[in-house]
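# Analysis of the macromolecular model
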Amino acid sequence: MAYGDRRLLRACCAVLVGGLIATGCADGDDDAKPAGEARTSGASAPGGTAPAPAPTPTPTPTALDFTPDPKRAPKNAADARRLALAVVAGPDAWGPEYVKRAPHLSDPDYWPVLGDGCSWETGTRPATVLHSVTAYSEVPATDGRGTLRVAATVTVHRTEDDADWEMAGTLEEALRCPNQRLRDGERIEGLISLGNPFGLGGNYTAADSLGERGAYFNDAFPGKQFYGWYQSRIGQVTVATVVKGAPGYSEQTTPTTVGTVTAQVQALVTMLERVKDELEVRS
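The structure presented is a predicted model; accordingly, all values stated were derived computationally and were not measured.

Turning to the nonpolar core, a few remarks are in order. Counting residues in hydrophobic clusters, the biggest one holds 52 residues, and the most contacted among them are Trp-94, Leu-148, Val-154, Val-156, Tyr-227, Val-237 and Val-239. In terms of residue count, the dominant contributor to this core is helix H5 (residues 260-279) (ten residues). Excluding anything up to four places from it in sequence, Val-156 contacts Pro-74, Ala-80, Leu-83, Ala-84, Val-129, Leu-130, His-131, Gln-236 and Val-237.

Space inside the largest pocket adds up to approximately 900 Å³. Around the largest pocket, the lining comprises 36 residues; the ones closest to its centre are Tyr-110, Pro-112, Trp-120, Thr-153 and Trp-229. Counting only elements with at least two residues in the lining of the largest pocket, the list comes to strand E4 (112-114), strand E5 (120-122), strand E6 (129-139), strand E7 (148-157), helix H4 (160-176), strand E8 (180-183), strand E11 (224-234) and strand E12 (237-244). Among the elements that make up the lining of the largest pocket, the one with the highest residue count is H4 (six residues). Here the lining of the largest pocket is built from residues that sort into 17 nonpolar, eleven polar and eight charged.

Note: disulfide means a covalent bond formed between the sulfur atoms of two cysteine side chains. In total, this model carries one disulfide according to the counting rule given. A sulfur-sulfur separation of 2.0 Å characterises the disulfide bridge that pairs Cys-118 with Cys-177. Between Cys-118 and Cys-177, the S-S dihedral sits near -75°, and the bridge is therefore left-handed. In this pair, Cys-118 is assigned in the loop between E4 and E5 and Cys-177 in the loop between H4 and E8, connecting sequence segments 59 residues apart. Pair check on accessibility: Cys-118 and Cys-177 agree, each one buried.

Turning next to the packing of aromatic side chains. The full count for this structure, using the stated rule, is two aromatic pairs. Plain terms: the ring middles of Trp-94 and Tyr-98 are 5.8 Å apart, the flat faces sit at 35° to each other, and that makes the pair tilted. The buried category is assigned to Trp-94, whose relative accessible area is 1%. The interplanar angle of 65° and the centroid separation of 6.5 Å between the aromatic rings of Tyr-216 and Phe-221 together place this pair among those described as edge-to-face. A relative accessible area of 2% places Tyr-216 in the buried class. Residue Phe-221 is classed as buried on the basis of its relative accessible area, which comes to 14%.

What counts and how
Residues numbered from 1 in each chain as written. Predicted model: local features only at pLDDT ≥ 70, side-chain atom pairs only at ≥ 80, totals over all residues. Heavy atoms only, no water. Core = buried A, V, L, I, M, F, W, Y, C linked by side-chain atoms within 4.5 Å. Buried < 20%, exposed > 50% of the residue type's maximum accessible area, 1.4 Å probe, protein only. Helix = DSSP H or I, 4+ residues; strand = E, 2+ residues; numbered from the N terminus. Contact = heavy atoms within 4.5 Å. 1 Å grid on protein atoms, 1.4 Å probe; cavity = no way out; pocket = protein on both sides within 12 Å on 5 of 7 lines; lining within 4 Å. Points joined across faces, edges and corners; volume = space filled by probe spheres on them. Nonpolar A, V, L, I, M, F, W, Y, C, P; charged D, E, K, R; others polar. Disulfide = S-S within 2.5 Å. Phe/Tyr/Trp six-rings, centres within 6.5 Å; stacked < 30°, edge-to-face > 60°.

In structure tokens form, the structure reads like this:
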């Protein structure tokens, strides 16, 4: 899906992941204004400018716009791998500054596990998972900014219940380990998480969603940066995006730069739309 696709950006604007963020996505219109600013028609009226027309209320969805086709659901590892690779977000889904990291895709057998000491380790993929893949992207260091590293993960479970358990387990990890060691020289602190099923907290794009926020520390540069993990589920598939902040970057969008939150949610919604395209009933 193209970076500027309007359907994607409209969905992106509606996302509130885990009740922790409100995105700054625009709807793709050249004359989009920040919330609270009036938009006028440009027509004049006696004594001043004609008032802007009242906005048309947007109906609130009452059900997820997705009807799965059982015939298209992955039944084995090969089917799941094909779907995961078709869905996972590469740099094009994040924005024009992003490029592939090397290696770009995780090892097929890679499965991270949060150990008893709150350190991430390589574990064994559970039997409930048919396939999982992570795509690594980045914005290279330039003009005094550090290297911004991001990733997107797609996990295809055997059943919808299995995917539900993964969502619950992710929420539990932040409660159990608010301070985590990612790898040598990298850690996160003060991690908090919050989940929202469809219809709650602004979640109108997935059956379930969650968000994690914390402070990110990397020995490669001084001070703390931001850390964000956003995850959603549709059917038996979970998708997630992660951003580890770097000097020179902001989470919020400005008139000249796209914030990391906008890019992160855009990549997440791109994958949600791809899951729907892969699994929904086709007329």
